[in-house]
Amino acid sequence: MTDAQQSRDTLAAQLRELRRAAGLTGLELAKRAGWDNSKVSRFEHSKQLPTEADIRLWCSLTDAQLHIPQLIAAVRNIDAAYQEWRRMSSEQLQQRTGRLERQATAIRGYEPRVIPGLLQTQAYARTILTTCVKFIGNAQSVDDAVSERLKRQEAVRSASPKCHFLLDEQALYTTVGTRPVMRAQLAKLAELLDDAQFTIGIIPRTAPFVATTTGFAMYDVDTVRVELATASVSITQPAEVALYDKAFRTLVEHSKSGSDAAKMIDAALTLRR
């Protein structure tokens, strides 16, 4: 999704320039269009893709009607890219992620609700992927997706990148599968605390709010991967990657590792016994 995201960023920049060239503030444009105040900001910061009707109205209000065909074509291309992602199987998505992981010398990740993919047991991964496939509504092979996830784990072991994962304490308690599945997963997580290749930090439930972010993975210092409900987005813009790097470093400051993390995992295990 790298190209689609970059196209989306380019579209956002074009809309912003048209507004500025018209001498309008975001609030003024929103008022004239009859939109809520935040809609213009969402368009200009790639948070929301405008519809074709939105494009026509934007260009009308900024006296930029000549730009309508080009901008509508951009919207259609971006939408087509997202539709392509939706048609991809879970196995194909696992393969894409695997390529990023094999090329990286350092992998960092943050997960708020579940155990990160590279740390999952086979049974835990199967439950996660089955749920995701069911939610999306596609008839995909869960067996193939699980197989690819396990291959990713083996490949990372062989490539030996340094891995640093952060997870919220909630991830220890989110129920994935049966009690035996959860016990095995938590036991594996405890074992990985002593693995030199992995650094695992757990952010306590009482930690202060420090950053607005969903789960993400960082590969070296140039690519961030974010899994959304409707798309998987690869971010390569340096300024945006820097913000994710800042978020990760800030979250690290509030995480617990080593024996403190082991105690938190043991407490979660006790609940499942």
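Refer to the structure printed above.
An account of the accompanying structure is given in this report.

How each quantity is defined
Residues numbered from 1 in each chain as written. Predicted model: local features only at pLDDT ≥ 70, side-chain atom pairs only at ≥ 80, totals over all residues. Heavy atoms only, no water. Helix = DSSP H or I, 4+ residues; strand = E, 2+ residues; numbered from the N terminus. Core = buried A, V, L, I, M, F, W, Y, C linked by side-chain atoms within 4.5 Å. Buried < 20%, exposed > 50% of the residue type's maximum accessible area, 1.4 Å probe, protein only. Contact = heavy atoms within 4.5 Å. Phe/Tyr/Trp six-rings, centres within 6.5 Å; stacked < 30°, edge-to-face > 60°. Lys NZ or Arg CZ within 6 Å of the ring centre and 35° of its normal.

With that settled, consider the environment of Arg99. Looking at where Arg99 falls in the secondary structure, it is placed in helix α6 (residues 90–103). As for Arg99 and Arg152, which are separated by 53 residues in sequence, their C-alpha atoms are 8.6 Å apart.

Attention now moves to the nonpolar core. Among the nonpolar cores identified, the biggest contains 32 residues, and Ile107, Ile115, Leu119, Leu167, Leu172, Leu189 and Ile200 are the most heavily contacted of them. Setting aside residues up to four positions removed in sequence, Leu189 forms contacts with Ile115, Leu119, Leu167, Leu172, Ile200 and Ile265. Membership of the second largest hydrophobic core comes to 19 residues, among which are Leu15, Leu29, Leu71 and Val75.

Our next topic: the packing of aromatic side chains. For the coordinates displayed, the defined rule picks out 6 aromatic pairs. A centroid spacing of 6.2 Å and a plane angle of 35° characterise the contact between Trp35 and Trp58, whose relative ring orientation is tilted. Of the two residues, Trp35 sits in the loop between α2 (26–33) and α3 (39–44) while Trp58 sits in helix α4 (residues 52–61), which places them 23 residues apart along the sequence. No difference in accessibility class separates Trp35 from Trp58, as the two residues are buried. Between Phe43 and Trp58, the aromatic rings sit 6.2 Å apart at their centres with planes inclined by 55°, giving tilted as the arrangement. Within this pair, whereas Phe43 is found in helix α3, its partner Trp58 is found in helix α4, the two being separated by 15 residues in sequence. The pair formed by Phe43 and Trp58 is uniform in burial state, with each residue classed as buried. The ring centre of Phe248 lies 5.2 Å from the NZ or CZ of Arg108, which sits over that ring. One Lys or Arg, Arg205, reaches over the ring of Tyr173 and ends 4.9 Å from the middle of that ring.

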